[in-house]
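# A look at the structure
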There are 2 protein chains.
Amino acid sequence: MKKHNFFAGPSVLPDVAIQNSIKAIDNFSDTGISLLSISHRSKEFQAVMDEAQALFKKLLDIPEGYHVLFLGGGASTQFYMVPFNLLEKKAGYLVTGEWAGKAFKEAKIFGEAIEVASSKDRNFNYIPQGYVIPSDADYFHITTNNTIYGTEIKEDIDSPVTLVADMSSDIFSRPVDVSKYGLIYGGAQKNLAPSGVTFVIVREDILGKVSRPIPTMINYNTHITKGSMFNTPPVLPIFTALETLRWLDNLGGVSQMQKINNEKATLLYDEIERNKLFMPTVPDAKDRSIMNICFVMNENYAELNDTFLKFASERGMVGLKGHRSVGGFRASTYNALPKESVEALVSCMKDFEAMH
Amino acid sequence: MKKHNFFAGPSVLPDVAIQNSIKAIDNFSDTGISLLSISHRSKEFQAVMDEAQALFKKLLDIPEGYHVLFLGGGASTQFYMVPFNLLEKKAGYLVTGEWAGKAFKEAKIFGEAIEVASSKDRNFNYIPQGYVIPSDADYFHITTNNTIYGTEIKEDIDSPVTLVADMSSDIFSRPVDVSKYGLIYGGAQKNLAPSGVTFVIVREDILGKVSRPIPTMINYNTHITKGSMFNTPPVLPIFTALETLRWLDNLGGVSQMQKINNEKATLLYDEIERNKLFMPTVPDAKDRSIMNICFVMNENYAELNDTFLKFASERGMVGLKGHRSVGGFRASTYNALPKESVEALVSCMKDFEAMH
């Protein structure tokens, strides 16, 4: 049975990226050697690294003065690497969910970390508005998409200080005005690659301004100087990322991707609103994520929660169970999720409604 | 043409580990989903993590009180993570090569780091003896195998203080008395897995003794508490590591592996000694690495260096060029390198000798 992969991450990747990864593991770039066994110093892998960085710059229209890095350790490593490199006295954090809170917690080790605004009062089901970013902060940190709670900052905000964004779960889902950010990072295992690689887009002029000594591996300048090859990089995840970027480029880039993502999200949110059994967890439509669509059973049907999960599972849908802190269901509709999977879920919801 | 893969890392892996990785990327554990797209929270991946940790413990006969972790960031991340967690006042380092030197450099950020001994005076072509480990050090750090220079500490040394070892390039090549170490770490991309995962074996009683605040991701206890799944782990490299461990277990474990490794190394070192064109870079046989066999042209034949590399390359041998700081040739003879590859190299050396 064809599976519909709604996992929140690691998650669905383009078929072509998976198939080309398999081919490269069998025989990488006609070397006669597996991608899993090739030296990262080989000219064939250097070509992969170069093209992946170039496509990152092309697809996101990244201006001069920025560098693209592929590191290990996950976005959780960036939670401390950002303040290690950037926090001299004070930093502001927008706390819009669990991951934003984790990033905020790490910053406190390095200096004064201010919670500029939070949506914790309503279990993170909205994006705060009308907050004031301290103009004396070294930077202001946001999490653009909140995977667990299904909210998203869908536009590039204005910040009087260096803007730092965790875009783990919505990178490449829409055009981004990179010039508004000092640093963008994310785990790649949602829209880009298998787990094991973290991307960083950093503007060079924000670095070198803190007084603390920085261990070599934590210093962004180390990786910039060495073209993201200071130490052995995660070769396979970077290769698969390149294949995903090529797929996205062939599709028409991030504007086209955004159009498709909006179509998929509209289809599902409309059904959640229409269907008497279900309701969305995020009340305000403008705050709803295009990447992680969270919904629950309507009050009168709460006892059907597990029955629906089982019903969907029998139709090949996996990863639909909501995070324990929200409950209900979460359909992750990342870039590579085919529209047919959303259509299949909508049909499933309609059929389930007819039965009850 | 069949390739003989002598890369120093990433490097040759067992065929079965590569083929089973391909199968899992096509359809992981009968889930109908690719290993590259499966949630790390799925029961199928949890089973991979559990078995990989259990096989680590079985194959290395790891005593109670130790934990096995699979982290991101490479051994270079351990260079600062070790002192972050363990260095309160003073640490001793044995500087036997470039990587040992890099680890030593990071420790200086955290406290008093002592170079207990070094072999830099002779371009790291020997293992220092007769040094005294300071008994008031928090730990003593060694690099058991020096990939670039072809030297190796082939026995478990006695240390009056907590012994920490980087075993990136010789883990699983021989039995290890783990009880002599407080912490063993390594990048997995030599004897275990593709790049992107770092193993850590740590005895729990050495942790929690430093006074500095430790960022969450850097704290070994974070990963111990969460069974090495605090954040999304590098899924594919851990899967391939498990396949390599199963291969090693089926082969008869590390004692059998050591026997095979010694046979391969003896074959090649004997030819280097016998062949009038070549000479080893490490004079003392007892210090010679079983994993990275370094040799150069004899003085009278120095001009044949590039000719030999080309000759070997035409016979399908890749990765033989020595590191720039040593020159000549380096044959990495990791666990998964078939004996036939060493025999092919020896034939190649004999044929080259006959021609000159």
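Position labels on residues start from 1 in each chain and follow its written sequence. Chains and ligands are labelled sequentially in the order written, the chains with letters from A and the ligands with numbers from 1. Two thresholds apply to this predicted model, a pLDDT of at least 70 for residue-level local features and 80 or more for giving and counting side-chain atom pairs, whereas whole-chain, interface and lining totals are computed over all residues. The basis for the side-chain values is all heavy atoms of the structure; hydrogens and waters are excluded.

### A short note on the pairing of strand E9 (residues 183-187) of chain A
Residue and element names in this part refer to chain A.
- Categorising residues by exposure relies on relative accessible area from a 1.4 Å probe, with only protein chains included: less than 20% of the type maximum marks a residue as buried, more than 50% marks it as exposed, and the intermediate range marks it as partly exposed. Here a helix means four or more residues in a row that DSSP labels H or I, a strand means two or more in a row labelled E, and each is numbered from the N terminus. Most of E9 is tucked away, with 5 of its 5 residues classed as buried.
- Alternating positions in E9 separate into two faces, Leu183, Tyr185 and Gly187 on one and Ile184 and Gly186 on the other, with burial throughout.
- Following DSSP output, two strands are said to pair if at least two bridges run between them. As paired strands, strand E8 (residues 163-166) and E9 are joined by 3 bridges and run parallel to one another. Counterpart to alanine 165 in the pairing with E9 is isoleucine 184.
- Alignment of E9 against strand E10 (residues 198-203), held across 5 bridges, turns out to be antiparallel. Its bridge partner lying in E10, tyrosine 185 is registered against valine 200.

### With respect to the side chain of A:Ser169
Residues and elements named next belong to chain A.
- By the element assignment, serine 169 lies in the loop between E8 and E9.
- Classification of serine 169 by relative accessible area gives buried; the value is 2%.
- With near-sequence residues (within four places) excluded, serine 169 lies in contact with Asn145, Thr147, Lys190, Asn191, Met291, Asn292 and Tyr334. By the convention used here, residues are in contact when the closest approach between their heavy atoms is within 4.5 Å.

### A few points about the confidence of the model for chain A
- Summary of the metric used: pLDDT quantifies the predictor's per-residue confidence within the range 0 to 100. Here chain A shows a mean pLDDT of 97. Residues at 70 or above account for 100%.
- Taken over the whole predicted complex, pTM reads 0.98, whereas the ipTM for its chain interfaces reads 0.97.

### Observations regarding the relation of the copies chain B and chain A
- In this comparison the copies share one frame, found by least squares on the C-alpha atoms of residues holding pLDDT of at least 70 in both. Each copy of the sequence occupies a distinct position, and chain B is placed on chain A by a rotation of 180° and an axial shift of 0.0 Å, giving an RMSD of 0.0 Å. What the rotation and shift describe, once combined, is the action of a two-fold rotation axis.
- Mapped onto chain A, 100% of the interface residues of chain B are again interface residues, and the two copies thus contact each other with one and the same surface.

### Concerning the packing of aromatic side chains
Residue and element names in this part refer to chain A.
- Only Phe, Tyr and Trp rings are paired, with Trp represented by its six-membered ring, and only when their centres lie within 6.5 Å; those with planes under 30 degrees apart are stacked, over 60 edge-to-face, the remainder tilted. According to the stated counting rule, one finds 36 aromatic pairs over all chains in the structure shown.
- On the numbers, 5.7 Å between centres and 45° between planes, the contact of tyrosine 93 with phenylalanine 104 is tilted. Placement of the pair is tyrosine 93 in strand E3 (residues 90-95) and phenylalanine 104 in helix H4 (residues 98-107), with a sequence separation of 11 residues. Judged on exposure class, the residue tyrosine 93 and its partner phenylalanine 104 are both buried.
- A centroid spacing of 5.1 Å and a plane angle of 65° characterise the contact between phenylalanine 308 and phenylalanine 352, whose relative ring orientation is edge-to-face.

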